[in-house]
Amino acid sequence: MRESTWTKRPATRTAVRDRARRGEGTGAARRLTTAGTLLALLVALLGAGGPGFASEAGAVGRADAGAEVRAQVRAEVRADAGAEAGVQAPTATLTEVTGFGTNPGNLRMFRYVPDGLPAGRPLVVAIHGCTQSAAAYDTETGWTKWADQWGFALLLPQQQSANNLNSCFNWFESGDIARGAGEALSIKQMTDRMKSDLGGDSARVYATGLSAGAAMTNVMLAAYPDVFAAGAPVAGLPYACATSVIGAYGCMNPGTNLSPAAWADKVRAAYPGYAGPRPTVSVWQGTADTTVVPANLTETVEQWTAVHGTDATPDATDTVAGYPHAVYRDGAGRDVVETYSLTGMGHGQPVDPGPGAEQCGTAGAYILDVGLCASYRIGLFWDLAGDGSPGPGPEPGGGSVVLPSLAADDGYVKASATGANAAVGTLEGSLGVAVGRGTDGLHNRSLFSFDTSSVPDGARVKRAFVTVTRASGAGDPWAAGNRLVVDIRTGCFGATCATAADDWSAPASTAEAAEIGAFTTGTTSSTAFTTVNPTGITQARLRLAAAPAATAYVFLRSGAGATLTVEWE
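Residues numbered from 1 in each chain as written. Predicted model: local features only at pLDDT ≥ 70, side-chain atom pairs only at ≥ 80, totals over all residues. Heavy atoms only, no water.

Trainee: Teacher, can you tell me more about the state of the cysteines here?
Mentor: One covalent bond between the sulfur atoms of two cysteine residues makes up a disulfide. For the coordinates displayed, the defined rule picks out four disulfides. What pairs with Cys241 in a disulfide is Cys251, and their sulfur atoms sit 2.1 Å apart. Across the S-S bond of Cys241 and Cys251 the torsion is about -105°, and the bridge reads as left-handed. Here Cys241, found in the loop between strand E6 (230-234) and helix H9 (245-252), pairs with Cys251, found in helix H9; they are 10 residues apart in sequence, far enough to count as distant. Two residues share a disulfide in this structure: Cys360 and Cys373, whose sulfurs sit 2.0 Å from each other. Torsion about the S-S bond of the Cys360 and Cys373 cystine: about 100°, corresponding to right-handed handedness. Taken together, the residues Cys360 in the loop between strand E11 (349-351) and strand E12 (367-369) and Cys373 in the loop between E12 and helix H12 (374-381) connect sequence positions 13 residues apart. (Disulfide = S-S within 2.5 Å. Helix = DSSP H or I, 4+ residues; strand = E, 2+ residues; numbered from the N terminus.)

Below, the structure is given as structure tokens:
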């Protein structure tokens, strides 16, 4: 994909001579001509003329030769920036590593290790797309920025033109996608070398990739679930979608439609008898991608949700930077799959160039500036920042619980914009619990109560989040940048746990502990927080950060319609 997948390992001159002696030369030449015709058609049909086809050998050579130059330039830029700021700038660079095992896939290994990285840190394996290289997939996608900022090591496998003329990872070759063989084993051996050299945290190893690298990401998650805790394919395909060149193109466009159970069986067959935890998956796809069509997002979701024993119906939806985002949870309430659907984006890796806290990357061929940094959001899903952001769930030995709200104590309080004349709302029994400005001009804050005494004493809460269900509403409470925030109280806001007028302004244990993004239907979840009372009641108060100037509210369901998920270790 990412221009071409059909060009496999070329035969050696000796092999060609041997075939000629056996009288096979004419047929081989005919197959080569046919393949060239197919390639020309695919270029025309997929618009794949760019850097992947114009002098492929030259492009690969330039990528290899440019790796050292780009690494040096990045080091000089960081040094200059650090000098201006009066601080010591990072000096880490992309470095090639040799001697990492038997390397049956004949791959190259590059790594980026931040200065002074201590032992016990996570490892991210980032796998480039066709016509790319390790040097074209590190800083450009933002991964080196987060490695420096959050403190993790970065492994970048690199394909060779001897394996695939377009430097695509061979995600469609049965010998390269099986556990213990080919390119998959080479990447696993690189991972082992990184953990050995750096003393990395073996429970926090992750994989991501673009296009053919994304398909290879799914290979690693399927073949080595005992190695990878989570993965993030960007513009990829389900595991074992194809085992031939022709099948590969069919998977890419128009896609292959199998049942969730059939997709899951392919993953289980990659490591027969494995009964341990499966990786969680963040799936990214552009809606205008004609190289790897959006149907592949649907099929990938079906594959991994079925592997986790849940369905392919989102448990929460919202928008991030204006793009649809969905979360799929298992029976324990863990986020096991998430998706980002990049409206209007073609084939490539989403970036958001700039110096902002959530920005990253450098736009270029197949590195697309869409105002959203994929590597940042993926890092949050994996909790690489270590701040309790939603990640792949509790660590081994921990636990989790999903608690419905205590409907008898839930409710909402109405008041003026200043908070004067607060009074308990009366519509929760029929319409739900209100938040926002009502048609009467009064403002509503909603209260949800949860019995969190099931959290073990002494447990460290890794994260918690509130999930709410919309019943109805009017206007847009999030208009003009308004925020729906969540205050948390360990215990009860007012004099009692039942909703009362004093809940409007009662102090919180943690004010604005979380935030709930805009949504117009179904359910959605807040961002993560850790303030939880393990001995009794935890209350959540939902309110708008600014008073709307016009009617704008939502009614939310209570009881089973509002839950608190708590994960601990």
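Trainee: Explanation requested: the side chain of Thr524 in the structure shown.
Mentor: For Thr524, the location among the structural elements is in strand E21 (residues 523-525). From its side chain, Thr524 meets the backbone oxygen of Thr317 in a polar contact 2.8 Å long. Apart from the residues lying within four places of it in its own chain, the contact partners of Thr524 are Ala316, Thr317, Asp318, Val466, Thr467, Val468, Ile516, Gly517 and Phe519. (Polar contact = N/O pair within 3.5 Å; in protein donor to acceptor, adjacent residues only side chain to side chain. Contact = heavy atoms within 4.5 Å.)

Trainee: Got a minute to help me understand the environment of Cys360 in this structure?
Mentor: Judged by its relative accessible area of 2%, Cys360 falls in the buried class. Residues Cys360 and Gly371, spaced 11 residues apart in sequence, show a C-alpha to C-alpha distance of 9.5 Å. Setting aside anything within four residues of it in sequence, one finds Cys360 in contact with Thr141, Gly142, Trp146, Val351, Asp352, Pro353, Gly354, Cys373 and Ser375. (Buried < 20%, exposed > 50% of the residue type's maximum accessible area, 1.4 Å probe, protein only.)

Trainee: What am I meant to see in the packing of aromatic side chains here?
Mentor: Aromatic ring pairs are reported here in terms of the distance separating the ring centres and the angle at which the planes meet. Under the counting rule described, the total for this entry stands at 12 aromatic pairs. For the ring pair Trp478 and Phe519, a centre distance of 6.1 Å and an interplane angle of 65° mean the geometry is edge-to-face. Highlighted residues: Trp478 in the loop between strand E18 (461-474) and strand E19 (484-490) and Phe519 in the loop between strand E20 (510-516) and E21, separated in sequence by 41 residues. Using a relative accessible area of 12% as the deciding quantity, one classes Trp478 as buried. Through successive ring pairs, a cluster of aromatic residues spans Trp143, Phe152, Tyr206 and Trp382. (Phe/Tyr/Trp six-rings, centres within 6.5 Å; stacked < 30°, edge-to-face > 60°.)

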